Amino acid sequence: MLLDPAIRDWVLIPIMIVMVLVGILRHHITMLLTGEPKKPQVKAIRESKALLRGMRLRTYGNHIPTHAFSSRKAILAEAYENGRYLKNSDAGNNNNNNTPTTPPNPMTDPDMMEGMMESMKKQLTNMVPQMLIMGWINFFFKGFVVIKLPFPLTPRFKTMLQSGVDTRDMDVTWVSSLSWYFLNLFGLGSVFALILGDNNAAGVDMAAMGSMPGVMPGAGQPGQQTDFKKLFTGEKENLLITSHKWDLDDVEERLLQKYGKNPIKKGNTKSQQESSPAASKKEMSVKDKIRASQQQKGNSAKRR
């Protein structure tokens, strides 16, 4: 099967150019809607860094001596239990008083409301251009076969590469116009990074696509507030059960063993020195017995 060159000039290339231009336009619209990113609060940064400190202590704690690890573990465990690093100080006081705390309402938190609005703006800028382009392709280029891939594929890729073309005998390597749109949608990230930089909003935001509008907040969405109190409690338990062994223990002996030397422990030198005379005496007594038996055999032979 051969393709008309007009399909390349009026279907294949225009779809790709439109996708690039729409991505650039979406990037600038997103920058205008969101504005400059808000600086995080110091207490919020302290919460995350305190949790990260405990994780690093468990991971790299063997690099420090035992007394340093024990002191850090005790201080962090006490701080996690008392809620010292929590952004909301009332949570720590309620924890000390053993009173149950109700989860914060995200609708009353201005930071949470602002995060929800930012996510809704990203969803809007992602969904509207995609709906318009898909409608344009389905209206003008429905059923077009635009390109053939230069490498073979298995039949499982037929539904992905030939969307909108219901044929059983067509080779899998042929790509329809709708599938060409999806390939450009998820494959132009490197082109946008080259034109707009790494941190751009032209590509597809998978987090924004995953969070559909209309879902109630607090149901596992990206805008849901993290409960650091539970995280601190779990990290405290992990710290308490973490064992420690300093990496520099017996490093001299391990170094000598690495280069084929026989290390001698300091505590065993005296015992080896004390046991060596007794061992030599035992060995000499065995030799004496052998010599005596040999002399007795020689004397018996002479008598005969």
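Description of the structure in this document. (Residues numbered from 1 in each chain as written. Predicted model: local features only at pLDDT ≥ 70, side-chain atom pairs only at ≥ 80, totals over all residues. Heavy atoms only, no water.)

As for the packing of helix α1 (residues 5-34) against helix α8 (residues 189-196)
Moving on, step 1. At a minimum axis distance of 11 Å, the contact between α1 and α8 shows a crossing angle of 55°. Taken together, the axis directions place α1 and α8 in an arrangement best described as oblique. Where α1 crosses over α8, the handedness of that crossing is right-handed. Of the residues in α8, those in contact with Met-19, Val-20, Gly-23, Ile-24 and His-27 of α1 are Phe-192, Ile-195 and Leu-196.
Moving on, step 2. Looking at the contact of α1 with α8 residue by residue, the class counts come to 6 nonpolar, 2 polar and no charged. (Axes fitted to C-alpha atoms, helices over the stretch in contact; angles between N-to-C directions. Helix = DSSP H or I, 4+ residues; strand = E, 2+ residues; numbered from the N terminus. Parallel < 35°, antiparallel > 145°, perpendicular 65-115°, else oblique. Left-handed = near helix turned anticlockwise from the far one by under 90°. Contact = heavy atoms within 4.5 Å. Nonpolar A, V, L, I, M, F, W, Y, C, P; charged D, E, K, R; others polar.)

Points about a negative patch on the surface
Moving on, step 1. Together, Asp-247, Asp-249, Asp-250 and Glu-252 make up a negatively charged patch on the protein surface.
Moving on, step 2. The exposure class of Glu-252 is exposed, given its relative accessible area of 55%. (Patch = residues over 30% accessible without salt bridge, like charges linked within 9 Å, V, L, I, M, F, W, Y side chains within 5 Å. Areas by Shrake-Rupley, 256 points an atom, 1.4 Å probe, with all protein chains shown as cover. Salt bridge = Lys/Arg side-chain N within 4 Å of Asp/Glu carboxyl O. Lys, Arg positive; Asp, Glu negative; His and termini not counted. Charge placed at Lys NZ, Arg CZ, Asp CG, Glu CD. Buried < 20%, exposed > 50% of the residue type's maximum accessible area, 1.4 Å probe, protein only.)

So, the environment of Ile-15
Moving on, step 1. With respect to the secondary-structure elements, Ile-15 resides in helix α1.
Moving on, step 2. In the structure, Ile-15 is positioned 122 residues away from Ile-137 in sequence and 8.1 Å away in space, judged by C-alpha atoms.

Structural notes on the nonpolar core
Moving on, step 1. With 22 residues, the main nonpolar core has Ile-15, Met-19 and Tyr-181 as its most contacted residues.
Moving on, step 2. The element that contributes the greatest number of residues to this core is α1, accounting for 7 residues.
Moving on, step 3. Ignoring sequence-local partners within four residues, the contact set of Tyr-181 consists of Ile-15, Met-19, Gln-130, Ile-133, Met-134 and Ile-137.
Moving on, step 4. Core analysis: the next-biggest nonpolar cluster, separate from the first, contains 12 residues, Leu-57, Tyr-80, Leu-86 and Phe-232 among them. (Core = buried A, V, L, I, M, F, W, Y, C linked by side-chain atoms within 4.5 Å.)

Brief notes about the pattern of salt bridges
Moving on, step 1. Going through the model one piece at a time under the given rule, you end up with 2 salt bridges.
Moving on, step 2. Taking the shortest distance from any N to any O, the salt bridge between Asp-9 and Arg-8 comes out at 3.1 Å.
Moving on, step 3. Taking the relative accessible area as the measure of exposure, Asp-9 reaches 39% and is therefore partly exposed.
Moving on, step 4. The exposure class assigned to Arg-8 is partly exposed, which follows from its relative accessible area of 44%.

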